[in-house]
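Listed below are the residues making up each chain.
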Amino acid sequence: QVQLVESGGGLVQAGGSLRLSCTASGRTISSYAMGWFRQAPGKEREFVATISWGLMTFYADSVKGRFTISRDNAKNTVYLQMNSLKPEDTAVYYCAAGGNWRSGEPADFGSWGQGTQVTVSS
């Protein structure tokens, strides 16, 4: 099973940017669909973005046009570039592997990282 470690979270003002990274170990992720999800306090985990092994991407409406998911298979790493951040983007962001890139369903993904906190101040 692949192990995932997220990094790059932090505190940023509204309108700012952050770039999250998810580095995998144990297996190559080149044949995996990869995803980013987030969970705010008191809320269920929700879909943010996914990317297929063939570089097809899928975004939640709430982040479309602001966030960009990408992958570097040579580095076994997936990224989430987050621009124009809003206070409602505040959450723990999780990286996931192995699911259906078109479904956006957390239950479809078998491997998860521990999460990285993103806090956007107003």
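See the structure shown above.
Criteria and cut-off values
- Residues numbered from 1 in each chain as written.
- Predicted model: local features only at pLDDT ≥ 70, side-chain atom pairs only at ≥ 80, totals over all residues.
- Heavy atoms only, no water.
- Helix = DSSP H or I, 4+ residues; strand = E, 2+ residues; numbered from the N terminus.
- Rg over C-alpha atoms; globule rule 2.2 N^0.38 Å.
- Buried < 20%, exposed > 50% of the residue type's maximum accessible area, 1.4 Å probe, protein only.
- Contact = heavy atoms within 4.5 Å.
- Areas by Shrake-Rupley, 256 points an atom, 1.4 Å probe, with all protein chains shown as cover.
- Lys, Arg positive; Asp, Glu negative; His and termini not counted.
- Charge placed at Lys NZ, Arg CZ, Asp CG, Glu CD.
- Pairing = 2+ DSSP bridges.
- Disulfide = S-S within 2.5 Å.
- Phe/Tyr/Trp six-rings, centres within 6.5 Å; stacked < 30°, edge-to-face > 60°.
- Lys NZ or Arg CZ within 6 Å of the ring centre and 35° of its normal.

A.B. asks: It is not clear to me how the overall build of the chain should be interpreted in this structure. Could you clarify?
C.D. replies: Broken down by element type, the chain carries zero helices and 11 strands. Ordered by position from N to C terminus, the α and β elements of the chain give β-β-β-β-β-β-β-β-β-β-β. Taking 2.2 N^0.38 as the reference for a compact globule, 122 residues should give roughly 14 Å; the C-alpha atoms of the chain span a radius of gyration of 13 Å, in line with that estimate. Once the C-alpha set of the chain is aligned to its principal axes, its extents read approximately 40 × 25 × 25 Å. Across the 122 residues that make up the chain, the buried fraction comes to 46%. Sequence separation of 24 or more characterises 59% of the internal contacts of the chain that already satisfy a separation of 6 or more. Split by element, the accessible area of the chain, about 6100 Å² in all, is 48% carbon and sulfur. Looking at charge distribution, the chain has the averaged site of its 11 positive side-chain charges lying 6 Å from that of its 9 negative ones.

A.B. asks: What is the right way to look at the pairing of strand β5 (residues 46–51) in this model?
C.D. replies: Within a regular strand, side chains alternate between the sheet's two faces. Most of β5 is tucked away, with five of its six residues classed as buried. Here strand β4 (residues 34–39) runs beside β5; their pairing, made up of five bridges, is antiparallel. Within β5, the residue paired with glycine 35 across the bridge is threonine 50. The pairing of β5 with strand β6 (residues 57–59) spans three bridges and is antiparallel. Residue pairing in the sheet places isoleucine 51 in a bridge with threonine 57 of β6.

A.B. asks: Can you walk me through the state of the cysteines in this structure?
C.D. replies: Simply put, the disulfide is a covalent bond whose two ends are the sulfur atoms of two cysteines. Inspection of every chain in the model, using the stated rule, returns one disulfide. In this model cysteine 22 forms its disulfide with cysteine 95; the gap between the sulfur atoms is 2.0 Å. Where cysteine 22 bonds to cysteine 95 through sulfur, the torsion about that S-S bond is close to -75 degrees, and the disulfide is left-handed. A residue pair is termed long-range when its members are at least 10 positions apart, and cysteine 22 in strand β3 (residues 18–25) and cysteine 95 in strand β9 (residues 91–97) qualify at 73 residues.

A.B. asks: Which parts of the structure should I look at to understand the packing of aromatic side chains?
C.D. replies: Geometrically, a pair of aromatic rings is defined through the distance of the ring centres and the angle of the planes. A full pass over the atoms with the stated rule returns five aromatic pairs. Here the aromatic rings of phenylalanine 37 and tryptophan 112 are separated by 5.0 Å at their centres, their planes lie at 55 degrees, and the arrangement is tilted. Of this pair, phenylalanine 37 sits in strand β4 while tryptophan 112 is found in strand β10 (residues 111–112), placing the two residues 75 residues apart along the sequence. Residue phenylalanine 37 is classed as buried on the basis of its relative accessible area, which comes to 0%. Owing to a relative accessible area of 27%, tryptophan 112 belongs among the partly exposed residues under this scheme. On the numbers, 6.5 Å between centres and 75 degrees between planes, the contact of tyrosine 94 with tryptophan 112 is edge-to-face. Of this pair, tyrosine 94 sits in strand β9 while tryptophan 112 is found in strand β10, placing the two residues 18 residues apart along the sequence. We classify tyrosine 94 as buried; its relative accessible area is 13%. Taken together, the aromatic side chains of Phe37, Phe47, Phe58, Tyr94, Phe109 and Trp112 make up a single cluster linked through ring pairs. Directly above the aromatic system of tyrosine 79 lies the positively charged group of arginine 19, at a separation of 3.9 Å from the ring centroid. Above the ring of tyrosine 94, the side-chain terminus of arginine 45 is found at 3.7 Å from the ring centroid.

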